[in-house]
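Examining the three-dimensional arrangement
Residues per chain are reported as follows:
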Amino acid sequence: MPPNSVRFQPSGNDAHTIPVDEALNQLIEATPFIDFEVSSAELFEGAYKIISTVFPSWKKEDIKFVQCKDGITNQLVRATYQPTDFSVLVRAFGRKSEILIDRKQEIINLVTLSAQGLCPPLYARFRNGLMYGFIKGRVSSVEDMGQPKTASWIANKLAKWHKVLLPQDQTGKPEPKQTLWSTMRRWLAGVPSHYDNPEQQKKFTARFDMQKLAVELESLIKVLETLNSPIVFSHNDLLYGNVIYDDEKEEASFIDYEYGSYAFRGFDIGNHFNEFAGFECEYSRYPDKPFQMKWFEWYLTEFNGEKPSHQELEHLFKEVEGFSLASHFYWGLWALIQADISTIDFDYMSYAALRFDEYERRKRIVFPSSL
């Protein structure tokens with residue numbers, strides 16, 4: 001089955017007669033839909049059902065199934081057809097993850113990025129997930145992200161991502177609208193007032209005051225909007241497990257596009273730097289200024305086609321320093337919701353506390369008087 005490479009480029013009268021939402025729905029519906037739900041209790045059986053619908057010639061005995069367990073949102077299966085060593089991924093969405101993630105937007109992201117050679121093809125949709133291509137390569141480690149060679153590959157690839165325009169914004173005019181603040185406000189409103197798990201509720205009550213967090217978020221937004229960070233198409237989740245290296249081509253690729261959206265340049269980069277800490281939240285790993293400035297030089301050179309000035313580097317440094325705080329706030333809110341809805345074995349409540357603790361610590365350094 002050929003990859004979905006539909007482009008949204010209305011011309012003539014069509015540009016005026018087809019509403020944007022309808023055109024985007026047509027783009028989504030161009031990807032085959034399989035009316036089947038993959039059960040977490042029978043993950044491999046469900047994955048085979050999806051795969052055999054798309055590739056009916058594949059025999060089950062010729063397929064090697066491996067569950068990828070690094071993620072903390074969804075359940076993911078890699079299926080390799082051994083006669084040709086060709087792999088695909090089948091991803092079953094996490095329980096109630098649509099509360100956090102715009103699944104319609106995710107499909108638009110996949111189709112758009114695939115058409116521009118920035119991600120593998122999307123093969124199928126099913127009731128609770130997607131099937132798409134697999135990127136061969138070496139998965140990054142936390143340590144790799146801080147190595148100059150691999151860091152330069154990441155910076156170069158992210159610059160390419162930041163030039164992407166979604167189908168409804170192909171002209172680039174007016175500037176696309178960011179959805180970061182609306183997402184964070186929606187997540188804030190979605191944090192439960194009570195957790196069924198008594199231990200979770202105890203931790204939540206002891207650590208969090210939602211009214212104060214609401215006031216803090218608005219104050220943070222007000223300060224960050226003064227930084228004039230450009231709005232770009234952002235990955236928003238560049239942790240080490242979402243970076244794949246091709247050592248022969250000397251380049252990085254990114255996977256997992258479900259949080260992708262228009263956001264601020266400083267947020268996407270600042271979030272990536274926060275991920276140098278890993279899931280263990282070892283924030284002493286956060287890159288120092290000399291490393292960041294070199295990273296910015298790689299990024300801006302790729303983005304603009306010429307070496308940046310010192311002023312451009314300093315401006316980007318200020319953006320990233322500020323928006324790295326929004327990254328902590330973002331994932332802290334995310335974790336507070338996941339603590340209520342997720343069935344994955346992960347201590348989301350403690351993770352939320354770690355993110356907001358680091359937010360408070362870094363805020364005193366970055367904005368000692370503004371917040």
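For the structure itself, look to the data block above.
Throughout what follows, the structure given in this document is the object of discussion. (Residues numbered from 1 in each chain as written. Predicted model: local features only at pLDDT ≥ 70, side-chain atom pairs only at ≥ 80, totals over all residues. Heavy atoms only, no water.)

Relative to the helices and strands, M131 resides in strand β6 (residues 129-133). On a C-alpha basis, the gap between M131 and A92 in space is 8.9 Å, while along the polypeptide they are 39 residues apart. In this structure, M131 is in contact with I50, I51, V54, F55, V88, L89, V90, L122, Y123, A124 and F126, ignoring residues within four places of it in sequence. (Helix = DSSP H or I, 4+ residues; strand = E, 2+ residues; numbered from the N terminus. Contact = heavy atoms within 4.5 Å.)

A separate point is the packing of helix α12 (residues 310-341) against helix α13 (residues 348-366). Contact pair α12 / α13: the axes reach a minimum separation of 8 Å and the direction vectors enclose 160 degrees. As judged from the angle between their axes, α12 and α13 are roughly antiparallel. Pair α12 / α13 crosses with left-handed handedness. Residue classes in the contact of α12 with α13 are distributed as 15 nonpolar, six polar and five charged. (Axes fitted to C-alpha atoms, helices over the stretch in contact; angles between N-to-C directions. Parallel < 35°, antiparallel > 145°, perpendicular 65-115°, else oblique. Left-handed = near helix turned anticlockwise from the far one by under 90°. Nonpolar A, V, L, I, M, F, W, Y, C, P; charged D, E, K, R; others polar.)

Time to look at the packing of helix α10 (residues 265-274) against helix α11 (residues 289-304). At a closest axis distance of 13 Å, the pairing of α10 and α11 adopts a crossing angle of 130 degrees. Viewed along their axes, α10 and α11 adopt a mutual orientation that is oblique. For α10 against α11, the interelement crossing comes out right-handed. Residue-level contacts link R265, I269, H272 and F273 of α10 to Q292, W295, F296, Y299 and L300 of α11.

Moving on: the pattern of salt bridges. Under the criterion given, the structure shown has 24 salt bridges. Two residues, D35 and R127, come together in a salt bridge whose shortest N-O distance is 2.7 Å. Of this pair, D35 sits in the loop between β1 (33-34) and α3 (43-54) while R127 is found in the loop between β5 (122-126) and β6, placing the two residues 92 residues apart along the sequence. Since its relative accessible area comes to 56%, D35 is described here as exposed. (Salt bridge = Lys/Arg side-chain N within 4 Å of Asp/Glu carboxyl O. Buried < 20%, exposed > 50% of the residue type's maximum accessible area, 1.4 Å probe, protein only.)

The next thing to look at is the environment of W331. In this fold, W331 is placed in helix α12. Judged by relative accessible area, W331 falls into the buried class, the value being 3%. Residues W331 and F356 lie 25 residues apart in sequence; the distance between their C-alpha atoms is 8.8 Å. If we skip the residues at most four places from it in the chain, W331 touches N236, D237, Y259, N271, E275, Y351 and R355. Within the structure, the side chain of W331 is placed 2.7 Å from the side chain of N271, a separation counted as a polar contact. (Polar contact = N/O pair within 3.5 Å; in protein donor to acceptor, adjacent residues only side chain to side chain.)

Helix length check: helix α9 (residues 210-224), at 15 residues, gives a terminal C-alpha distance of 21 Å against a target of 21 Å (1.5 Å per residue), a fit within 8%. Along α9, the residues that are buried comprise L213, E216, L217, L220, I221, V223 and L224. Looking down the long axis of α9, one finds its buried residues gathered within 160 degrees of arc, a one-sided arrangement. Of the exposed residues in α9, those oriented more than 90 degrees away from the buried face are Q211, V215 and K222. Elements in contact with the buried residues of α9: α7 (180-190), α12 and α13. Two or three places before Q211, at the start of α9, stands the capping residue D209, its side-chain oxygen 3.1 Å from that residue's backbone nitrogen. (Expected span 1.5 Å × (residues − 1). Arc of directions from axis to C-beta.)

This brings us to unusual backbone geometry. At N228, a residue that is not glycine, the phi angle is positive and equals roughly 55 degrees. For N228, the position within the fold is in the loop between α9 and β8 (231-234). Judged by relative accessible area, which is 60%, N228 ranks as exposed.

Further remarks concern the side chain of R125. By the secondary structure assignment, R125 is in strand β5. One buried charged residue, R125, remains without a salt bridge, the closest side chain of opposite sign being E29 at 6.2 Å. In this structure the side chain of R125 is engaged in a polar contact, spanning 3.5 Å, whose partner is the backbone oxygen of I28. Sequence-distant contacts of R125, defined by excluding residues within four places in its chain, comprise I28, E29, T31, P32, F33, I34, I107 and L130. (Lys, Arg positive; Asp, Glu negative; His and termini not counted.)

So, on to α13. The first and last C-alpha atoms of α13 sit 26 Å apart over 19 residues, in line with the 27 Å expected at 1.5 Å per residue. For α13, the complete set of buried residues consists of Y348, M349, Y351, A352, A353, R355, F356, E358, Y359, R362, K363 and V366. Elements in contact with the buried residues of α13: α8 (198-207), α9, α10 and α12.

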